[in-house]
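Read off the chains here:
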Amino acid sequence: MNYKNVAFLCLTLFSANAYADCTGTSPIDRQLSLAEESAASIQSETGLLDYLNAMPQNSPLRAFSDEAMASFVASLRFNERGLTSFSTIEMERELTLGQAYDVLSLLGAQRSARRLPIPIQEERDSEIIKMLSPRCEDHHYSYQCVGTGTCKTSASSICTPKC
């Protein structure tokens, strides 16, 4: 057995053991979550500033009013691992579920769109809900990251697994 096979086997076993107490979580689900996070345009506070300075005309953030975008951006919290928490208030007030999904995709947090209390208004909203099956490491709605590995109750916030 070559070292690539051994590495893959170790990764698979580690992933399975790390999430063994989570019903329905598989190593594939974890890999999908990691892929979503690594594909994010914004992964840090510096990345956020860079994105805002060069924000494209078709940016999902432009779906917000100027005031709501400023409030949402101000709510974003990062640590050395990435996004830790954010407020959902502005998304709930101003965006469709599809728009919220697109905004959260910029941050690698699109999976948390399924937890938002936004009514389904469009066919795309229904498709997103179907696509986003729950995973054990899903983001925690009504919690905010207050320290490494510590999520605290906070209305209209989401605490991510990177807390």
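On a predicted model such as this, the values are computed, not experimentally measured, just so you know.

**Q** Any chance you could break down the pattern of salt bridges for me, citing the residues and the numbers?
**A** Tallied over the entire structure, the rule returns 2 salt bridges. Measuring nitrogen to oxygen at the nearest pair gives 3.9 Å for the salt bridge that ties R93 to E90. Placement of both R93 and E90 in helix α5 (residues 89-94) is noted, with a separation of 3 residues, approximately one turn of the helix. Judged by relative accessible area, which is 63%, R93 ranks as exposed. R124 is paired through a salt bridge with D102; the nearest N and O atoms lie 2.6 Å apart. Note that R124 is positioned in helix α7 (residues 123-131) and D102 in helix α6 (residues 97-106), a separation of 22 residues in sequence. By relative accessible area, R124 is classed as partly exposed at 35%.

**Q** Give me unusual backbone geometry: which residues, what numbers.
**A** Residue S156 is not a glycine yet carries a positive backbone phi of 55°. Mapping S156 onto the fold places it in strand β4 (residues 150-159). Under the relative-accessibility criterion, S156 is labelled buried at 17%.

**Q** Before we move on, can you summarise the packing of α6 against α7 with the specific residues and values?
**A** Remark: α6 packs on α7, axes separated minimally by 8 Å, with the N-to-C direction vectors making an angle of 55°. With respect to α7, the axis of α6 lies oblique. For the pair formed by α6 and α7, the contact residues are L97, G98, Q99, Y101 and D102 on the first element and R124, D125, I128, I129 and M131 on the second. Among the residues forming the contact of α6 with α7, the class breakdown is 5 nonpolar, 2 polar and 3 charged.

**Q** Could you give an account of the confidence of the model for the protein, naming the residues involved and the relevant values?
**A** Taken as a whole, the protein shows an average pLDDT of 80; of its residues, 75% reach a score of 70 or greater. Mean pLDDT across the elements of the protein ranges from a minimum in helix α1 (residues 3-18), with 34, to a maximum in helix α4 (residues 66-75), with 98. In this model, residues 1-24 is a region of pLDDT below 50 whose contacts with residues beyond four sequence positions or in other chains number 11 contacts.

**Q** Explain the pairing of β4 to me, using residue names and the numbers behind them.
**A** Direction of pairing for strand β2 (residues 82-87) relative to β4: antiparallel, over a ladder of 3 bridges. Residue pairing across strands places S87 opposite S157, the latter belonging to β4. Bridge count between strand β3 (residues 140-147) and β4: 6 bridges; the pairing is antiparallel. When the bridges of β4 are listed, G147 appears paired with T150. Hairpin connection between β3 and β4: a loop of 2 residues separates the two successive antiparallel strands, and G149 in this loop has a positive phi of roughly 70°.

**Q** Please set out the state of the cysteines residue by residue, giving values where relevant.
**A** With the rule as written, the count across this model stands at 2 disulfides. Sulfur-sulfur distance for the disulfide between C145 and C163 comes to 2.2 Å. Residues C145 and C163 share a disulfide whose torsion about the S-S bond is about 80°; that sign makes it right-handed. You can see C145 sitting in strand β3 and its partner C163 sitting in the segment after β4, a full 18 residues away along the chain. Bridging C151 to C159, the disulfide has an S-S length of 1.9 Å. Disulfide C151-C159: the torsion about the S-S bond is -65°, which places it as left-handed. On the accessibility criterion, C151 (30% relative accessible area) is partly exposed.

**Q** Run through the packing of aromatic side chains, naming residues and quoting values.
**A** Aromatic rings considered in pairs are described by the distance between their centres and by the relative angle of their planes. Tallied over the full model, the rule gives 2 aromatic pairs. Residues F72 and F86 carry aromatic rings whose centres are separated by 6.3 Å and whose planes lie at 70° to one another, so their mutual orientation is edge-to-face. One end of the pair, F72, is in helix α4; the other, F86, is in strand β2, and 14 residues separate them in sequence. In this pair, the class of F72 matches that of F86, namely buried.

The rules we used
- Each chain has its residues counted from 1, running along the sequence as written.
- Side-chain atom pairs in this predicted model are given and counted only at pLDDT of 80 or more, local residue features only at pLDDT of at least 70, and totals for whole chains, interfaces and linings cover all residues.
- With hydrogens and water set aside, each side-chain value is computed from the structure's full complement of heavy atoms.
- Salt bridge criterion: a side-chain nitrogen from Lys or Arg within 4 Å of a carboxyl oxygen from Asp or Glu.
- Per the convention used, a helix needs a DSSP run of H or I reaching at least four residues, while a strand needs a run of E reaching at least two, with both numbered from the N terminus.
- When accessible area is computed with a 1.4 Å probe and restricted to protein chains, residues below 20% of their type maximum are described as buried, those above 50% as exposed, and intermediate ones as partly exposed.
- Note on method: axes are straight lines fitted to C-alpha atoms, helices fitted across the in-contact stretch only, with angles between N-to-C directions ranging 0 to 180 degrees.
- Each angle gets one of four labels, with under 35 degrees taken as roughly parallel, over 145 as roughly antiparallel, 65 to 115 as roughly perpendicular, and the rest as oblique.
- Note on contacts: a residue pair is in contact if any heavy atoms of the two residues lie within 4.5 Å.
- In this classification, Asp, Glu, Lys and Arg are treated as charged, Ala, Val, Leu, Ile, Met, Phe, Trp, Tyr, Cys and Pro as nonpolar, and every other residue, Gly included, as polar.
- Think of pLDDT as the predictor's per-residue confidence, scored from 0 to 100.
- The pairing criterion for strands is at least two bridges between them, as found by DSSP.
- Two cysteine sulfurs form what is called a disulfide whenever their separation falls within 2.5 Å.
- Between the rings of Phe, Tyr and Trp (Trp by its six-membered ring), a pair exists once the centres lie within 6.5 Å; its type follows the angle of the planes, with under 30 degrees stacked, over 60 edge-to-face, and the other angles tilted.

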